[in-house]
Amino acid sequence: EAQVTQNPRYLITVTGKKLTVTCSQNMNHEYMSWYRQDPGLGLRQIYYSMNVEVTDKGDVPEGYKVSRKEKRNFPLILESPSPNQTSLYFCASSLGDRGLSFEQYFGPGTRLTVT
Amino acid sequence: ILNVEQSPQSLHVQEGDSTNFTCSFPSSNFYALHWYRWETAKSPEALFVMTLNGDEKKKGRISATLNTKEGYSYLYIKGSQPEDSATYLCAFVIFGNEKLTFGTGTRLTIIP
């Protein structure tokens, strides 16, 4: 089954404790992206990747890191999480490494709480 | 940061009625406009991606139109059913930029 998977689905952590949220897709998509969803603000793009070893900042990259060593995986790293990073996070992928003219496939979401 | 505006923010529609809502975006350097359907406790799912002025797309009872010159897209739902209850998101891409900018969505509730 074609899908985007994320782990963990739920995470409660403390300020400053490094964490990684994994994202994997089995559709051979070039483009992958991370979003955060906060009430009243809509989905905001954190980072995106157009292909292996190619990543770029979205609109809200501060406090996050990503890497794209393999085509299928795009982990999101929070080196020192803070309470303002409490949010619902989505990973997504799509065909094409130039221009978003294909639909995004979203993962199930990761609900992160930082205390 | 580019602004994508959706209206109305929320909408209650009687089952069987038809409805529509709007996505407004900057018209310069347009590349693509996406529509997604997002049910509570699930992930957003793609409805349409449109790239050409005048594009019209249809999927079952849902259709969308695109006007890139004036910067708007309409989403129409014909004969609303309870399963249409969801938040409908639009997202905009400008030429030469690989970022997707989302609106805050229109929350649609169908009243049985």
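In what follows, the accompanying structure is described. Just so it is clear, the model here is predicted, and its values are computed rather than measured. (Residues numbered from 1 in each chain as written. Chains lettered and ligands numbered in written order. Predicted model: local features only at pLDDT ≥ 70, side-chain atom pairs only at ≥ 80, totals over all residues. Heavy atoms only, no water.)

A few points about the sheet that holds strand β3 (residues 19-24) of chain B
Residues and elements named next belong to chain B.
Reasoning step 1: Strand order in the open sheet formed by five strands is β1-β3-β8-β7-β6, and the pairing between neighbours is antiparallel. Looking at which strands have only one partner, the edges of the open sheet turn out to be β1 (5-7) and β6 (56-59). Neighbour to neighbour, the strand axes of the sheet diverge by 15 degrees on average, direction disregarded.
Reasoning step 2: Of the strand pairs in this sheet, β1 and β3 are connected by three bridges, and their pairing is antiparallel. Paired with glutamate 5 across the two strands is serine 24, which belongs to β3. (Pairing = 2+ DSSP bridges. Helix = DSSP H or I, 4+ residues; strand = E, 2+ residues; numbered from the N terminus. Axes fitted to C-alpha atoms, helices over the stretch in contact; angles between N-to-C directions.)

Looking at the environment of B:Tyr31
Reasoning step 1: Here B:Tyr31 is to be found in strand β4 (residues 30-38).
Reasoning step 2: Considering only alpha carbons, one finds B:Tyr31 and B:Leu52, 21 residues apart in sequence, at a separation of 8.3 Å.

A word on the interface of chain B and chain A
Reasoning step 1: With 21 residues of chain B at the interface, the matching set in chain A holds 26 residues.
Reasoning step 2: With both chains or domains summed, chain B and chain A bury close to 1800 Å², and 63% of this area falls on carbon and sulfur atoms.
Reasoning step 3: When residues of chain B are sorted by the area they lose upon contact with chain A, B:Glu98, B:Lys99 and B:Phe102 head the list and together hold 33% of the total.
Reasoning step 4: Where chain B meets chain A, there are one salt bridge.
Reasoning step 5: A salt bridge links B:Lys99 to A:Asp59; the shortest N-O distance between them is 3.2 Å.
Reasoning step 6: Viewed at the interface, chain A and chain B are joined by five residue pairs in polar contact (both at pLDDT 80 or more).
Reasoning step 7: Those elements giving two or more residues to the side of chain B that touches chain A turn out to be β4, β5 (45-50), β9 (86-94) and β10 (101-102) of chain B.
Reasoning step 8: When residues in the side of chain B that touches chain A are grouped by element, the largest group, five residues, is from β4(B).
Reasoning step 9: Looking at the side of chain B that touches chain A residue by residue, the classes come out as 12 nonpolar, six polar and three charged. (Contact = heavy atoms within 4.5 Å. Buried area = accessible area lost by both parts, 1.4 Å probe. Salt bridge = Lys/Arg side-chain N within 4 Å of Asp/Glu carboxyl O. Polar contact = N/O pair within 3.5 Å; in protein donor to acceptor, adjacent residues only side chain to side chain. Nonpolar A, V, L, I, M, F, W, Y, C, P; charged D, E, K, R; others polar.)

Thoughts on the nonpolar core
As a rule of thumb, soluble globular proteins bury nonpolar side chains together.
Residue and element names in this part refer to chain B.
Reasoning step 1: The biggest cluster of nonpolar side chains holds 24 residues, and the ones touching the most others in it are Phe21, Leu33, Trp35, Leu75, Tyr88 and Leu108.
Reasoning step 2: For this core, the secondary-structure elements that each account for two or more residues are β2 (10-14), β3, β4, β5, β7 (62-67), β8 (72-77), β9 and β11 (106-111).
Reasoning step 3: Looking at which element gives the most residues to this core, the answer is β9, with five residues. (Core = buried A, V, L, I, M, F, W, Y, C linked by side-chain atoms within 4.5 Å. Buried < 20%, exposed > 50% of the residue type's maximum accessible area, 1.4 Å probe, protein only.)

Examining the state of the cysteines
Reasoning step 1: Inspection of the entire model under this criterion finds two disulfides over all chains.
Reasoning step 2: The disulfide bridge from A:Cys23 ends at A:Cys91, spanning 1.8 Å between sulfur atoms. Because the torsion about its S-S bond is -70 degrees, the bridge between A:Cys23 and A:Cys91 counts as left-handed. Separated by 68 residues along the polypeptide, A:Cys23 in strand β3 (residues 19-25) and A:Cys91 in strand β9 (residues 87-94) bring together distant segments of the chain. Exposure class is identical for A:Cys23 and A:Cys91. Each is buried.
Reasoning step 3: One disulfide in the model links B:Cys23 with B:Cys90; its S-S distance is 2.0 Å. Taking the torsion about the S-S bond as the criterion, the B:Cys23 to B:Cys90 disulfide, at about 75 degrees, is right-handed. One end of the pair, B:Cys23, is in strand β3; the other, B:Cys90, is in strand β9, and 67 residues separate them in sequence.
Reasoning step 4: Judged by relative accessible area, which is 0%, B:Cys23 ranks as buried. (Disulfide = S-S within 2.5 Å.)

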